Amino acid sequence: MGWDRLSIMGCFYWLYCIVAILLLVNVVLKNRDSVKTLAWVMVLLFLPFLGILLYFFFGRDTRKAKLIGKRLHSQIRQRDYRMSVARDVADVPAEYSSLVSFFSNSASACLLAADEAKVISSGEVFASELLSELEKAERHIHIQFYIFEDDNFGRAVRDVLVKKAKQGVEVRLIYDSVGCWSVKKAFFEEMRCAGIYVESFLKVRFPLFTNKVNYRNHRKVVVIDGTTGFIGGCNVADRYVHGVEWGRWRDTMLLVRGTAVQGLQSSFLVDWYFSNRSLVSGGSYFPEQQSVGNMLMQVVPSNPVGEVRTILGGLIKLLSVAHNYIYLQTPYFMPNEAFMLALKNAAVSGVDVRLMVPERSDSRIADYATKSYFGDLLKMGVKVYLYTEGFLHSKSVVCDDFVSSVGSANLDFRSFYYNMEGSAFVYDRSVACELKHCFLNDISGCRQLNLKEYNERPLLQRCLESGARLFSPLL
C-alpha cells in the first residue's frame, strides 16, 4: 500500500513538472513583453500548483481566439461614424496633428466638435448631474459601468431608469460580469422586468470560461438621446459619492454635449453588439446637431485586440510633443518600460512632469508596486505627489494648456494591455485650464515625495515594493 501511495505521488509530481515546463515554454515562445514574461515565469516557478491555476485564470492570451474580432469592430464603428461630420486634422495646432492621426488610424476615433465638456471633480456632483440628465431623456438612454452596485446610489439610478423605461424611453445597460460579481442577479432582473435591456459583458461561468476573467470592460460611458454624455472614472456605487473609511473619493468625469457625443455612442454600441449580438444603429442614435464653438474631441477606445495599444501609444506620443508641462493623475501606476522612458525623456527635456497618485489605494499590493517606480522618476526630475486626503481615483492628463484627457484607463499594465478602456482626448484651452486648476488644487491635499526621503525608506518596505513590482503585470 505504501509503495502504491508513493507511486501515485510520484506520478502526480512528474505530471505537474511536465505541465509546468510546457506552460513555461508556452509563456517564453509567445514573445510577449519581457516584463510580463518574467512575471509569469516567477509565478510558475515559485508558486507551485497555485501558479498553474493563476495562469489558466489570468495568463492565457485569448486575443487570437477573437473574443472581439478586430475587423468586425472596425466595420461597426465606421458604419456608425458615416453619420457623423468629422473635423479635419488641420483644425488643431500642427504639433498635435500626429496625435489626432494616430487615434484616427489606430482606433477609428473621429475628431468631432463638442459644445461643452464640463469637468466634474466630485463623485457627489457626478451623481447629481447623472440623475438630473437621466430625468431629461426623451428617446433613449445607454449606460455602461464596470461597477453598478445595489446600494443607495445604484438604486437611485435604477429607479430613474425604470421610470424612463415605463415612459417609453429605450434604455440599454451594460455592466461588467466581474466588476459586478457581488451584485445579486435579482437587482438586474428587476430592471429587465421593467423593460430595460440589460447585458453583462463577457459573462464568466466557471470553469468553462476562466480565460475571460482577464479581459474586462472597464469603461464608464453614458449617452442620453445622442446629444448628452458622460465619460470618466466614476462607477455607480456609494463609495464614489461618500468616500472611503480613510477619506474622500476624488474622481474626474466629463459631461459632454454636442456632436462629440457620437463618439461615446459608437463606443457603447460596439460593446452592445458584443454583449447582445444585435446591431443597433440609425439616425435616431446619431442625430444631426449644429455645433457651436471650437472645442474638439476624440473619444478613444482601447482594447486587447491587435498590436497597437491605443491609449498607451497616444500618451507616449503626447509626452513626446509636450513643451511646457504635463500633469498626470492615476490611482495605480505600474507602467511598462516604454511609458517610463517617455516620462523620463520629457522631464530631462525640461518639461514640468508631475505625477499624482494616492498615498493609499484600495489595494495594498498595488500600492507597494506603484511606489517601486518612483526612484527612477525622481532621479530624472519628475515631481511625484502622494494624495493624502482619501482615495485619488481620477484618471486624467493635461498638457500645455491645450490637450487633456479624461477616461477610465489607469497607468498600469491591466489598463494598457487587458481591459477595454475609453478616454476622451479634448483639444481645447478652457477644458485644459480647468483640469490644470483641479490638479494644482489637489496638490494642497498631497505631500510631495523627494528623492532623499525615498532613498531613506526602510529596507523591509523596499523589499515589499520590489517583490510586488515583479507581479505588477499581473495585478
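Here the structure is shown first, and the text comes after it.
One structure accompanies this document, and this report is about it.

About the thresholds
- Residues numbered from 1 in each chain as written.
- Predicted model: local features only at pLDDT ≥ 70, side-chain atom pairs only at ≥ 80, totals over all residues.
- Heavy atoms only, no water.
- Helix = DSSP H or I, 4+ residues; strand = E, 2+ residues; numbered from the N terminus.
- Buried < 20%, exposed > 50% of the residue type's maximum accessible area, 1.4 Å probe, protein only.
- Contact = heavy atoms within 4.5 Å.
- Areas by Shrake-Rupley, 256 points an atom, 1.4 Å probe, with all protein chains shown as cover.
- Pairing = 2+ DSSP bridges.
- Axes fitted to C-alpha atoms, helices over the stretch in contact; angles between N-to-C directions.
- Core = buried A, V, L, I, M, F, W, Y, C linked by side-chain atoms within 4.5 Å.
- Polar contact = N/O pair within 3.5 Å; in protein donor to acceptor, adjacent residues only side chain to side chain.
- Salt bridge = Lys/Arg side-chain N within 4 Å of Asp/Glu carboxyl O.

1. A short note on the overall build of the protein
Here's step 1: Along its length, the protein carries 18 helices and 20 strands.
Here's step 2: Expressed as a percentage of its 475 residues, the buried residues of the protein come to 57%.
Here's step 3: In the protein, once contacts between residues fewer than 6 apart in sequence are set aside, the share between residues at least 24 apart is 82%.
Here's step 4: A total of about 20100 Å² of accessible surface is found on the protein, and carbon and sulfur atoms cover 56% of it.

2. Describing the pairing of strand E11 (residues 325-329)
Here's step 1: Counting buried positions along E11 gives five out of five residues, so the element sits mostly inside the fold.
Here's step 2: Across the two faces of E11 the burial is the same, with Tyr 325, Tyr 327 and Gln 329 and Ile 326 and Leu 328 all buried.
Here's step 3: Sheet topology note: the E11/strand E13 (residues 352-358) ladder contains five bridges and is parallel. Considered in E13, the bridge of Tyr 325 is made with Asp 352.
Here's step 4: Here E11 runs beside strand E16 (residues 396-399); their pairing, made up of four bridges, is antiparallel. Residue pairing across strands places Tyr 327 opposite Val 398, the latter belonging to E16.

3. Topic: the sheet that holds strand E9 (residues 253-257)
Here's step 1: On the basis of which strands lie adjacent, the open sheet formed by seven strands has the order E2-E9-E7-E6-E3-E4-E5 and mixed pairing. Where the open sheet ends on each side, the last strands, each with one partner, are strand E2 (116-120) and strand E5 (197-201). Taken over all neighbouring pairs, the strand axes of this sheet differ in orientation by 15° on average, direction set aside.
Here's step 2: Bridge count between strand E3 (residues 140-145) and strand E4 (residues 170-176): six bridges; the pairing is parallel. Looking at E4, one finds that Ile 141 is bridged to Val 171.
Here's step 3: Across the face of the sheet, helix H10 (residues 261-276) comes into contact with E3, E4, E5, strand E6 (221-224), strand E7 (228-232) and E9 while running at roughly 80° to E5.

4. Section: the nonpolar core
Here's step 1: Of all hydrophobic cores here, the largest spans 111 residues; its most connected members are Phe 148, Phe 188, Phe 333, Phe 374 and Tyr 427.
Here's step 2: Excluding residues within four positions of it along the chain, Phe 333 makes contact with Phe 339, Met 340, Leu 343, Leu 355, Val 357, Ala 369, Thr 370, Tyr 373, Phe 374, Leu 377 and Leu 411.
Here's step 3: Core analysis: the next-biggest nonpolar cluster, separate from the first, contains 32 residues, Cys 110, Val 299, Tyr 325 and Tyr 387 among them.

5. With respect to the side chain of Asp 401
Here's step 1: Tracing the backbone through its elements, the reader meets Asp 401 in the loop between E16 and strand E17 (403-407).
Here's step 2: Only 2.6 Å separates the side chain of Asp 401 from the side chain of Tyr 325, close enough to count as a polar contact.
Here's step 3: In this structure, Asp 401 is in contact with Tyr 325, Arg 429, Ala 432, Cys 433 and Lys 436, ignoring residues within four places of it in sequence.

6. Some thoughts on the pattern of salt bridges
Here's step 1: What the rule picks out here adds up to 22 salt bridges.
Here's step 2: Among the salt bridges present, the one from Glu 116 reaches Arg 257, with a minimum N-O distance of 2.9 Å. Of this pair, Glu 116 sits in strand E2 while Arg 257 sits in strand E9, and the two are 141 residues apart along the sequence.
Here's step 3: Arg 257 gets classed as partly exposed once you look at its relative accessible area, which sits at 25%.

7. Side note on unusual backbone geometry
Here's step 1: In this structure, Ser 108 takes a positive phi of about 55° despite not being glycine.
Here's step 2: By the element assignment, Ser 108 lies in the loop between helix H5 (97-107) and strand E1 (112-113).
Here's step 3: Even without glycine at this site, Asp 401 takes up a positive phi of about 60°.

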